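Spelled out, the chains give:
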Amino acid sequence: MGRTKLSVALCEIWGWRDSNERTKDMSCRDMLRALDKAGKIVLPAPKRTTRRSGDSKGVRHLVHDETPISSRLKELQPLLIKVVTSKPDWQQFKSFVDQYHYLKFDRCISENMAYLVMSSDEKPLASLLFGSAAWSCRDRDSFIGWGKDEKRRNLNMVANNSRFVVYPFVTVPHLASHILSLVSKRIAADWDKKYGHQICLLETFIEAPARFRGTCYKAANWTRVGRTTGRGRNGGHHTSIIPEKDIYLYPLDRNWLSILNEQKGTK
């Protein structure tokens, strides 16, 4: 049995499925690789070379208009926020993120929501990607008041903003914070429409101050609640393996704290 078939079989045995009842075999496969790397299990040899996290192999960089956009925000409004669903839009989204975000494009595992942002005359401005929340985040959990049980029940109501990039040929004051505000007003409805359950909190991790200052998130009323330990989003490491990052949160519901601490989470 190969790794793919094994991960699917384990998901069936454990009942490991997403909100749409699809097996989470990619998440399972990542867990198996981590256990194999730690020497806890021995996996069968891969039947083909797998793509490493952050490897942009397979992402085709599309030709697009790179005419500089330097104007006032009101001259571009109303902005067009497009949920990425079609194959052509995904190709465009991956191309932009892979070219212009410092982390490039990585595969989307589990629930996710991608947006393309354009001016009123459909000129490309920015891309955003939201996905499942990090499991391991001590300062976030402390701020919410989560223990392990509460987190396990309600983590699927938190979405992580893993990518946000305003393209380098776009220089428009206040654009980034305005985009964050627009997306935050609609993402809960978009998420519910796609996955059939609510989200009530957004999180993001900013490599500050070495790379960024978090200015646009602060301007969009996101709250800094602490700093990561550098052990990765799923934890399990005793020492820092990635740069430490500032943790920012943005509530989508006025009752978000009570919702995230309810005894019974949304399935």
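Here the structure is shown first, and the text comes after it.
The shown structure was predicted, so the numbers you read here are calculated from the model rather than taken from an experiment.

An account of the nonpolar core is needed here, citing residue identities and associated values.
Residues L128, F130 and I179 are the most contacted members of the largest nonpolar core, which totals 45 residues. Within the residue set of this core, elements represented by two or more residues are helix 3 (87-100), strand 3 (112-118), strand 4 (124-132), strand 5 (158-166), helix 6 (175-195), strand 7 (201-206) and strand 9 (246-251). In terms of residue count, helix 6 provides more of this core than any other element does, 7 residues in total. Discounting chain neighbours no more than four positions away, the residues touching F130 are E111, N112, M113, Y115, N160, N161, V183, I187, W191 and L202. Core analysis: the second largest hydrophobic core is formed by 15 residues, W146, M157, V225 and I259 among them.

Which residues make up the sheet that holds strand 8 (residues 223-227), and what values go with them?
Strand order in this open sheet of 7 strands is 2-3-4-5-7-9-8, and the pairing throughout is mixed. At either margin of the open sheet sits one strand with a lone partner, and together these are strand 2 (80-83) and strand 8. The average undirected angle you get between the axes of adjacent strands in this sheet is 30°. By the bridge criterion, 4 bridges tie strand 2 to strand 3 in an arrangement that is antiparallel. Looking across to strand 3, one finds that K82 is bridged to L116. Along the sheet face, helix 3 touches strand 2, strand 3, strand 4 and strand 5 and points at about 80° away from the line of strand 3. Across the sheet, helix 6 touches strand 2, strand 3, strand 4, strand 5, strand 7 and strand 9, and the angle it forms with strand 3 is around 140°.

So what's going on with the pattern of salt bridges? Residues and values would help.
Overall, the coordinates contain 17 salt bridges when judged by the stated rule. With a shortest N-O distance of 3.1 Å, D149 and R152 are connected by a salt bridge. Of this pair, D149 and R152 both sit in helix 5 (residues 148-154), 3 residues apart, roughly one helical turn. Overlapping salt bridges, with partners in common, bring together R140, D141, K151 and E203 in one network.

With reference to specific residues and values, describe the pairing of strand 3.
Counting buried positions over the 7 residues of strand 3 gives 7, a clear majority of the element. Burial along strand 3 is two-sided: N112, A114, L116 and M118 facing one way and M113, Y115 and V117 facing the other are all buried. Note: strand 3 against strand 4, 7 bridges, orientation antiparallel. Considered in strand 4, the bridge of V117 is made with A126. Turn length for the strand 3-strand 4 hairpin, with the two strands adjacent in sequence and antiparallel, is 5 residues, and the turn residue E122 shows positive phi of about 65°.

Criteria and thresholds
Residues numbered from 1 in each chain as written. Predicted model: local features only at pLDDT ≥ 70, side-chain atom pairs only at ≥ 80, totals over all residues. Heavy atoms only, no water. Core = buried A, V, L, I, M, F, W, Y, C linked by side-chain atoms within 4.5 Å. Buried < 20%, exposed > 50% of the residue type's maximum accessible area, 1.4 Å probe, protein only. Helix = DSSP H or I, 4+ residues; strand = E, 2+ residues; numbered from the N terminus. Contact = heavy atoms within 4.5 Å. Pairing = 2+ DSSP bridges. Axes fitted to C-alpha atoms, helices over the stretch in contact; angles between N-to-C directions. Salt bridge = Lys/Arg side-chain N within 4 Å of Asp/Glu carboxyl O.

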